[in-house]
Amino acid sequence: MSFEENLAQLAEIVESLENGNLPLEKSVELYEKGLKISAECKKELDSAKLKITEH
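Description of the structure in this document.

What counts, and at which threshold
Residues numbered from 1 in each chain as written. Predicted model: local features only at pLDDT ≥ 70, side-chain atom pairs only at ≥ 80, totals over all residues. Heavy atoms only, no water. Helix = DSSP H or I, 4+ residues; strand = E, 2+ residues; numbered from the N terminus. Contact = heavy atoms within 4.5 Å. Patch = residues over 30% accessible without salt bridge, like charges linked within 9 Å, V, L, I, M, F, W, Y side chains within 5 Å. Areas by Shrake-Rupley, 256 points an atom, 1.4 Å probe, with all protein chains shown as cover. Salt bridge = Lys/Arg side-chain N within 4 Å of Asp/Glu carboxyl O. Buried < 20%, exposed > 50% of the residue type's maximum accessible area, 1.4 Å probe, protein only.

## A few points about the environment of Q9
Take Q9: it is sitting in helix α1 (residues 3-19). With 35 residues separating them along the chain, Q9 and E44 place their C-alpha atoms 15 Å apart. With near-sequence residues (within four places) excluded, Q9 lies in contact with M1, K33 and I37.

## Looking at a nonpolar patch on the surface
Nonpolar side chains collect at one region of the surface, where L17, Y31 and L35 lie side by side and expose about 290 Å² of accessible area between them. Relative to the helices and strands, L17 is located in helix α1.

## Some points on the side chain of N6
Secondary-structure assignment places N6 in helix α1. With relative accessibility at 2%, the residue N6 sits in the buried group. Beyond its immediate chain neighbours, meaning those up to four positions away, N6 contacts M1, I37, E40, C41 and E44.

This is the structure in structure tokens:
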């Protein structure tokens, strides 16, 4: 997935969690998925930052 797609999916997860209408198990599942997506986004941002600062 692209950075933008990951960011959009992360926003959906946050919105779902903020609603508070999910069962606990689903909330935990979404939270863990959000952490993984967040880590992927951070890795991409770090990589882009490195490319920019090297030039």
